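# Chains, contacts and geometry: an overview
Here's the letter readout for the chains.
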Amino acid sequence: MDTEPLTKLDPAYTTVMRIEGALTVLPFLIAATVLGVVGAFPSPWTWAPMIVPVLIALVFVILVPLKRYMARGYHMSDDRLRVVKGVMFHADTVVPFSRVQHLDVEQGPLERTFGIARLILHTAGTHNSSVTLPGLAHDTAVAMREDIRAHVKRESL
Amino acid sequence: MNAEAGTQLQDARIGEWRRVSTLTLVVNTVRTGGQALIPIGFALYSVSKEGGATGWAALALGLGGIVLFSLMVGGAWLSWYRLRYRIGENDVRLEQGIISRSARSVPYDRIQDVSLEQKLIPRLLGLVEVKFETGAGGKDELKLSYVSESEGERLRDSVREMVDGEKAPVTHSEAQASETRAEPVGETLFAMDTRRLLTFGLFNFSLVVFAVLLGAMQQLEFLLPFDVWDAVGDWFRRDGIEQAGALVSGYGAAAQIAALVYSVAALIVVGMASGIVTTFLRDWEFRLERTPKGFRRRRGLLTKTDVVMPVHRVQALVLKTGIVRRLFGWHGLSFISLAQDAKNANHDVAPFARLDELQPIVDASGFALPHAAVSWHRPSANYRADKVALSAGLCFLAALAFLVARWLLPPEAQGLGIGAVIMSIFGVIFAVQQAFLWRYHRHAVDAQYVYTRRGWLAPRTEVASRIKLQSIEVAQGPLARLRGYCDLKFGLAGGSFAIEGLPLEDAQEIRARVLESIAAVDFAKLPR
C-alpha cells in the first residue's frame, strides 16, 4: 500500500515558503546593512556582514522551500489519508477517515494571497492529535474536507 | 439569544441553577490563608529581627493582617456567590467569575466520566470535588469544588444517567438505570489488605525523604535559633575532632564496621518507612470493582479518590514490574484511558499483585496479555548497531579528547590518562548494555492486539487494541533512513504507543494490516 504514487502539493506553496523565508532573512539583512553603513568593520571588510543574510537567504529562500516541497505529498484513498513530509526527519502518517473527530481548513494572510490552504484532521489520539496537510489549493482543500466529512457522516449513521 | 433563553426555561425543569456548598468558603479561606501564612510569617520575622517590632509597626502589621484576612474571606465569598452550575437537559453548565464572567457548557455526549475526589480539609467537612472528565487532557476539565458528599453522589448518578440516556437505546438504558441504583454492589476484582500494603510499601523503598529534609534544612535554616553548620563546626572544633578521632581509632576495625553497618541500616529503615507511609497514604483500602458502569477504583487515606473507568474507555494496558519485586512475583497493572487521573496519565488498577490476580481484570477489560503463541519480533539489527555506536561513540570521543589533552598539555597536568581509561570503560559498558538490551526489546501483532515489551530485569509490557488506534505514523531520522529502519508511532487516545527501530518493510506491513482493522470500524461504533 506504500507504493501508491503521492499527489504533489500546489506549486504556489513553494512561493509561500520562499516569502516566509525572506521574512526570516529580513532582520539579518537590516542588521547587516546597519553594520555596513556605520562602518563597524575596517575598509575592505565594510560590507562583510552581508555574507550572513546572503547565506541565510540561500538556505531559507532557495534551498529549504524546494526540498520541503519535494519531500511533501499526500495520497487520499476512499477510507484514509496519507500525509508524507520531512526533509531530514521523515514522517509518513496515515489517518483513517473513521478516526477523524473534526476537520479544519485554515488560511493565513499569505496563503490567502496565493489561494492555498491547510487541511487539518483532528483525531482522538494524543500523538498526532492533529495532522496538518499544508499547501493545498483552497478548492482542493475544501473538496477534500467535504469528501472526508461525507465519509465520517456516512459511517457514524 | 431568545432561543437560548427559551431552552433555559425548558431546562429549568431538569435542574435549576445551584451553588456549591457554603462550606467551600471555609476550605478556600483555610487554603489561601495557609498560602498567605508564609509571607506573613516572613514579614513578621523580618520586622522582629530589625528590632522595631513595638508600637506603630506592630499595630500596622496587625491591622494589615486583619484587612488581608477580611479581603480573603470577602473574595472567597464573592467567588462562591458568583459561581453556579446546572445539570441541564443536554449539558452541564457552569458560570463563574467575579467581574469577568465565564460560562461553560459541556454536552453530555462529550463527558467521559464523573469522578469524585476528597482532599484532607474537604474530607473533614464532608465535601467532595466533582470532576466532569471530557478527555480534553486534564487542563480544561470542568470541576466543581466543593459540594456535599450526597450532592456529589447525586450529581454523578444523574449525569451518568444523562450520558447513557444520550447514547444507549431506550430499553437498554432502562435496564442500566435500574442497575445504577444497585451500583455499590459491584463484583470486587482486586483489593489490597493491610498486609499487602505493607509488602508493597517495603518495595517502594525511597530515600526521597532525605533529600527533602536536607533541602528544607537549607531553605529554612535562617528560621532556626542557631546556625546548624556553625554548631556542627563548633562542636568539632571544641572537642569533637580530637575526641572523635581518638574514639574511632580506639574502636578498632570491628567497631568501625559496626558503625558503618549501623548507618546503612538506618538508611534502609528510613527508606522503607517512607515507602510504607507514602504507600499507605495513597493506596489505603485500595479496591477495584467491576460495576455495570465500568471499573470503579477507590483508594486513599487522607485524600480519598473514587474513580469510575468505563470499560470501553480503556485504550491500552500496561503491565510493569520492578527489578526486585519481579523476583518475588509481584506485578502492577494500569490502564491507559481516555479519562485521565489528575497526576499520572495511567489508571493504576492493580499496582501490586500476582499475575493470576491480574488475569480477571485483564479479562474484564476486554484485552488480553500476550499468550505463548504470539510471535515476537525484535528491532532491526542496524538499529542495534547504531544505538551501540552512538552511546559508545560519545564516550570514546571523550576518551580521545583526554588523550589529545594529555599530548598537548604540559606534563604537570595529572589524571588525564586515567580519565581516558575511565571514559573508554564507560563506552564499553554502554555498548554492551545497548547490545544486550536489544534482545529484550520486542513487539508482536496478532489478530486483535499490538504488543510491545521492553526491559530485561523489569520488563514493561504494553497492549493496545488494534481498532482503538487513531492514526499510524512511520517516522525516520536521517540515520534511520540511511540504515533502513524506522519508528512506528500509533495515535492512542490518552497515551503514547510506539514501536522503535523496526525494519521499514516490517513497519509498512504492520501498518497496512492494522489500518485494515482501524478503517473497518468507525469511531462512533467502537465497542462501548
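Residues numbered from 1 in each chain as written. Chains lettered and ligands numbered in written order. Predicted model: local features only at pLDDT ≥ 70, side-chain atom pairs only at ≥ 80, totals over all residues. Heavy atoms only, no water.

Turning to the overall build of chain A, a few remarks are in order. Each helix and strand in chain A was counted, giving four helices and six strands. Walking chain A from its N terminus toward its C terminus, one meets helices and strands in the order α-α-β-β-β-β-α-β-β-α. A compact globule built from 157 residues would reach a C-alpha radius of gyration of about 15 Å, whereas chain A, at 20 Å, exceeds it by more than 25%. The C-alpha extent of chain A, read off along each of the three principal axes, is 75 × 30 × 30 Å. A fraction of 50% describes how many contacts in chain A between residues 6 or more apart in sequence connect residues 24 or more apart. When the accessible surface of chain A is totalled, it reaches about 8,400 Å², and 66% of it is carbon and sulfur. On chain A, the mean spot of the 15 positive side-chain charges and the mean spot of the 14 negative ones are 4 Å from each other. (Helix = DSSP H or I, 4+ residues; strand = E, 2+ residues; numbered from the N terminus. Rg over C-alpha atoms; globule rule 2.2 N^0.38 Å. Contact = heavy atoms within 4.5 Å. Areas by Shrake-Rupley, 256 points an atom, 1.4 Å probe, with all protein chains shown as cover. Lys, Arg positive; Asp, Glu negative; His and termini not counted. Charge placed at Lys NZ, Arg CZ, Asp CG, Glu CD.)

A few words now on the nonpolar core. With 34 residues, the main nonpolar core has F190(B), L288(B), F295(B), L317(B), L333(B), F335(B) and I361(B) as its most contacted residues. Once residues within four sequence positions are removed from consideration, I361(B) is found in contact with L189(B), F190(B), L288(B), F295(B), L333(B), F335(B), V349(B) and A350(B). (Core = buried A, V, L, I, M, F, W, Y, C linked by side-chain atoms within 4.5 Å. Buried < 20%, exposed > 50% of the residue type's maximum accessible area, 1.4 Å probe, protein only.)

Attention now goes to the sheet that holds strand β2 (residues 91-96) of chain B. Strands belonging to one sheet form pairs held by backbone hydrogen bonds; the direction of such a pair is parallel or antiparallel. Residue and element names in this part refer to chain B. Strand order in the open sheet formed by three strands is β1-β2-β3, and the pairing between neighbours is antiparallel. Because the sheet does not close on itself, it has two edges, and the strands there are β1 (84-87) and β3 (102-107). Here the average twist between neighbouring strands, direction ignored, is 10°. Pairing of β2 with β3 involves six bridges; the strand directions are antiparallel. Following the sheet pairing, Q96 is matched in β3 by S102. (Pairing = 2+ DSSP bridges. Axes fitted to C-alpha atoms, helices over the stretch in contact; angles between N-to-C directions.)

Here the focus is the interface of chain B and chain A. Many authors give the size of an interface as the accessible area that is lost as the parts come together. Facing 32 residues of chain B, the contacting portion of chain A comprises 28 residues. Summing both partners gives a buried area of about 2,500 Å² for chain B against chain A, and 48% of it is carried by carbon and sulfur. We note a salt bridge from R511(B) to D92(A), for which the minimum N-O separation is 3.0 Å. Scanning the region where chain B abuts chain A turns up 14 residue pairs in polar contact (both at pLDDT 80 or more). With eight residues, strand β17 (residues 469-476) of chain B is the largest single contributor of residues to the side of chain B that touches chain A. Tallied by class, the residues present in the side of chain B that touches chain A amount to 17 nonpolar, eight polar and seven charged. With five bridges connecting them, strand β3 (residues 90-96) of chain A and β17(B) associate as antiparallel partners. Considered in β17(B), the bridge of T93(A) is made with E473(B). (Buried area = accessible area lost by both parts, 1.4 Å probe. Salt bridge = Lys/Arg side-chain N within 4 Å of Asp/Glu carboxyl O. Polar contact = N/O pair within 3.5 Å; in protein donor to acceptor, adjacent residues only side chain to side chain. Nonpolar A, V, L, I, M, F, W, Y, C, P; charged D, E, K, R; others polar.)

Residues and elements named next belong to chain B. Inspection of the entire model under this criterion finds 26 salt bridges over all chains. In this structure, the salt-bridge partner of E151 is R18, at a minimum N-O distance of 3.4 Å. Of this pair, E151 sits in helix α5 (residues 149-167) while R18 is found in the loop between α1 (2-11) and α2 (24-50), placing the two residues 133 residues apart along the sequence. The exposure class of R18 is partly exposed, given its relative accessible area of 34%. Where R483 meets D386, a salt bridge forms, and the shortest distance between an N and an O atom there is 2.9 Å. Linking R483 in helix α14 (residues 478-483) with D386 in helix α12 (residues 381-408), this pair joins segments that are 97 residues apart in sequence. For R483, a relative accessible area of 29% gives the class partly exposed.

It is worth spelling out the environment of R149(A) at this point. Residue placement: R149(A) occurs in helix α4 (residues 138-156). Along the backbone, R149(A) and H102(A) are 47 residues apart, and their C-alpha atoms lie at a distance of 8.2 Å.

With that settled, the discussion passes to the sheet that holds strand β5 (residues 127-133) of chain B. All names here are of chain B. Here seven strands make up an open sheet; going across it, the order is β6-β5-β4-β10-β9-β8-β7 and the pairing antiparallel. Two strands lie at the open edges of the sheet, namely β6 (142-148) and β7 (187-191), each paired on one side alone. Within the sheet, the average angular offset between the axes of one strand and its neighbour, ignoring direction, is 20°. Bridge count for strand β8 (residues 287-291) against strand β9 (residues 294-299) is five bridges, and the pairing is antiparallel. The partner of T291 across the bridge, within β9, is G294.

Further remarks concern the pairing of strand β16 (residues 460-465) of chain B. Residue and element names in this part refer to chain B. Burial of β16 is extensive: five of the six residues sit out of reach of the surface. Summarising the sheet, strand β11 (residues 314-320) and β16 pair through four bridges and their orientation is antiparallel. Bridging across to β16, V318 finds its partner in E462. Pairing of strand β15 (residues 449-454) with β16, which is carried by six bridges, proceeds in the antiparallel orientation. When the sheet's bridge partners are listed, T452 is paired in β16 with E462. Between the antiparallel neighbours β15 and β16 lie five residues, among them G455 with a positive phi of about 100°.

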